[in-house]
Amino acid sequence: MSDKKQLRFRQTVLVLIAFFSVRIASDFTDGFGATIAAVHAPVLSREDYGTFSAITYNIAGLPQFISSAITPRAESISEIGKKLNIYDVVHVQEDFSYNDALYGTANQHPFRTRSLGNVPFGDGLNTLSRFPLRDLERIQWEDCTGADCLTPKGFSFSRIEVAEKLFIDFYNVHMNAYNDLPAAAARRLNMMQLSSFIKGKSGSNAVVIMGDLNGHYGYHYDNIRLLLNTLGLKDAWVELRCQGKVPPSSRKLPGGNILALTDTCESIDKILFRGSNELQLVAEQYAFEKTLFTTSNGTPLSDHHPVSVNFSWTRLRKSNKRVF
């Protein structure tokens, strides 16, 4: 099936799901809080320095019959939930139909955002954390194209306390898909909306953005550089794999087989970060997780490979004042 036919098929199916889905309003209107899965919250560090690990993963959680992933979705996402336990902060995208499997007994993160449910009601964005998570907000894109308009796709914001009284503003992002000119134009507007929100919400706070940006520095019609130039962010892959040099842009369409990438290639899944006057934040290690999240025979558990970063942090002052 050609890309255009596949896109039309997915759009038609999503419309049908939207038409036939029946939901009680209370099932999804209370999804803006965080739910605690563990009986006891962890004891937070009082040290002036420490580390944490972070990962972002598009888990391909659309219903099985329209998913681009080739492995059984419920079983694969349950396995993903288990494998994510080794990371301190997790962002997932496309967490639609199988959140129960992701959050099942195998996953041990004590703080997890409550799912907004299946398409067309959910945004597919959730955060799992070993640290306390608060102030959750979900923001829908103002601009979209095609099937991306059939769900409240956008980004989420949360403040995570990685150590006692030490907060970082985390953004979980899933931008408009595809690289045709109208889709890229909508994605550029997504980038501007996100940048504007971060300026107003986070001020000078420490920030980590993790998600499926669906764009490339190397694609002329994307504007990811906006986040670096206007917000003072760094890209972990650029810093640790490209010696701090952003790839040059080209009008040539990016390659479509994202499962064939290595960590020397630019991925649409990205982790960006910055510190603050109170917190030094350093990306120590970047990994394109190509082998961990696979079946026993090496088949990927999703249609993306996740990317992860190990961070170190240092308090620069005794208190981390937050912008609210």
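It should be noted that the structure appears before, not after, this text.
Residues numbered from 1 in each chain as written. Predicted model: local features only at pLDDT ≥ 70, side-chain atom pairs only at ≥ 80, totals over all residues. Heavy atoms only, no water.

K.L.:
Explain the overall build of the protein to me, using residue names and the numbers behind them.
P.N.:
Helix and strand content of the protein: 7 helices and 13 strands. Taken across its 324 residues, the protein has 54% of its residues classed as buried. Sequence-distant contacts, at least 24 apart, represent 75% of the contacts inside the protein between residues at least 6 apart. (Helix = DSSP H or I, 4+ residues; strand = E, 2+ residues; numbered from the N terminus. Buried < 20%, exposed > 50% of the residue type's maximum accessible area, 1.4 Å probe, protein only. Contact = heavy atoms within 4.5 Å.)

K.L.:
Outline helix α3 (residues 73-83), supporting the account with residue identities and numerical values.
P.N.:
Every buried residue of α3 is accounted for by Arg 73, Ser 76, Ile 77, Ile 80, Gly 81 and Lys 83. Taken down its axis, α3 places every buried residue within 165° of arc, on the same side. (Arc of directions from axis to C-beta.)

K.L.:
Describe in detail the nonpolar core, supporting the description with residues and values.
P.N.:
Core analysis: the biggest nonpolar cluster contains 54 residues, and Phe 52, Leu 194 and Ile 209 have the highest contact counts within it. Each residue touching Ile 209, except ones within four places of it in the same chain, is listed here: Tyr 171, Val 173, Leu 194, Ile 198, Leu 227, Leu 233, Lys 270, Ile 271 and Leu 272. Membership of the second largest hydrophobic core comes to 16 residues, among which are Ile 55, Ile 59, Tyr 87 and Phe 293. (Core = buried A, V, L, I, M, F, W, Y, C linked by side-chain atoms within 4.5 Å.)

K.L.:
Can you tell me about the packing of aromatic side chains, naming the residues and giving the values?
P.N.:
For the structure shown, the criterion picks out 11 aromatic pairs. Ring plane angle 45° and centroid distance 6.4 Å describe the contact between Phe 155 and Tyr 171, whose orientation is recorded as tilted. A residue pair is termed long-range when its members are at least 10 positions apart, and Phe 155 in strand β7 (residues 154-163) and Tyr 171 in strand β8 (residues 166-174) qualify at 16 residues. You'll find Phe 155 and Tyr 171 in the same group, each marked buried. With a centroid separation of 6.2 Å and 85° between ring planes, the pair formed by Tyr 171 and Phe 197 is classed as edge-to-face. (Phe/Tyr/Trp six-rings, centres within 6.5 Å; stacked < 30°, edge-to-face > 60°.)

K.L.:
Before we move on, can you summarise the state of the cysteines with the specific residues and values?
P.N.:
As enumerated under the stated definition, the model contains 1 disulfide in all. Cysteine Cys 242 is unpaired, with the sulfur of Cys 265 as its nearest cysteine sulfur at 9.9 Å. What makes Cys 265 partly exposed here is its relative accessible area of 27%. (Disulfide = S-S within 2.5 Å.)

K.L.:
An account of the pairing of strand β2 (residues 49-58) is requested, with residue identities and associated values reported.
P.N.:
Burial of β2 is extensive: 8 of the 10 residues sit out of reach of the surface. Inspection of the sheet shows β2 paired to strand β13 (residues 307-315) by 8 bridges, in the antiparallel sense. Within the sheet, the bridge partner assigned to Gly 50 lies in β13 and is Trp 313. (Pairing = 2+ DSSP bridges.)

K.L.:
Which residues make up the pattern of salt bridges, and what values do they have?
P.N.:
Between side chains of opposite charge, a pair can form when the charged atoms approach closely. For the coordinates displayed, the defined rule picks out 13 salt bridges. Measuring nitrogen to oxygen at the nearest pair gives 3.1 Å for the salt bridge that ties Arg 46 to Glu 164. In this pair, Arg 46 is assigned in the loop between β1 (34-36) and β2 and Glu 164 in the loop between β7 and β8, connecting sequence segments 118 residues apart. The partner of Asp 48 in a salt bridge is Arg 315, and the shortest N-O contact between them spans 3.6 Å. Taken together, the residues span a long stretch of sequence, with Asp 48 in the loop between β1 and β2 and Arg 315 in strand β13 at a distance of 267 residues. The class of Asp 48 is partly exposed, set by a relative accessible area of 30%. (Salt bridge = Lys/Arg side-chain N within 4 Å of Asp/Glu carboxyl O.)

K.L.:
Tell me what's going on with helix α5 (residues 181-202), and back it up with residues and numbers.
P.N.:
Here α5 spans 31 Å end to end across 22 residues, near enough to the 32 Å set by a 1.5 Å rise per residue. Those residues of α5 not exposed but buried are Ala 183, Ala 184, Ala 186, Arg 187, Asn 190, Met 191, Gln 193, Leu 194, Ser 195, Ile 198, Lys 201 and Ser 202. Buried residues along α5 sit in contact with β6 (133-140), β7, β8, β9 (207-212), α6 (225-231) and β11 (269-274). A side-chain oxygen of the first residue of α5 lies 3.0 Å from the backbone nitrogen of Ala 183; this N-cap is Asp 180. Once α5 finishes, Gly 203 follows within two positions and takes phi at roughly 55°, a positive value. (Expected span 1.5 Å × (residues − 1). Polar contact = N/O pair within 3.5 Å; in protein donor to acceptor, adjacent residues only side chain to side chain.)

K.L.:
Let's hear about empty space enclosed by the protein: which residues, and what values?
P.N.:
The gaps left among the atoms become clear once a water-sized probe is rolled over them. Tallied over the full model, the rule gives 2 cavities of 30 Å³ or more. A volume near 40 Å³ is recorded for the largest cavity. Lining the largest cavity are Asp 235, Trp 237, Ser 267, Asp 269, Lys 270, Ile 271 and Tyr 286. The class makeup of the residues in the lining of the largest cavity is 3 nonpolar, 1 polar and 3 charged. (1 Å grid on protein atoms, 1.4 Å probe; cavity = no way out; pocket = protein on both sides within 12 Å on 5 of 7 lines; lining within 4 Å. Points joined across faces, edges and corners; volume = space filled by probe spheres on them. Nonpolar A, V, L, I, M, F, W, Y, C, P; charged D, E, K, R; others polar.)

K.L.:
Please set out the sheet that holds β6 residue by residue, giving values where relevant.
P.N.:
Taken in spatial order, the 6 strands line up as β6-β7-β8-β9-β11-β10 in an open sheet, and their pairing is mixed. Both outer strands of the open sheet, β6 and β10 (234-235), are each paired with one neighbouring strand and no more. Summarising the sheet, β10 and β11 pair through 2 bridges and their orientation is antiparallel. Bridging across to β11, Asp 235 finds its partner in Leu 272.

K.L.:
I'd love a proper account of the environment of Asn 214, names of residues and values included.
P.N.:
Tracing the backbone shows Asn 214 in the loop between β9 and α6. Through-space distance from the C-alpha of Asn 214 to that of Ile 268 is 4.8 Å; in sequence the pair is 54 residues apart. Contact partners of Asn 214, with chain neighbours within four places excluded, come to Lys 153, His 174, Met 175, Asn 176, Ala 177, Asn 179, Arg 187 and Ile 268.

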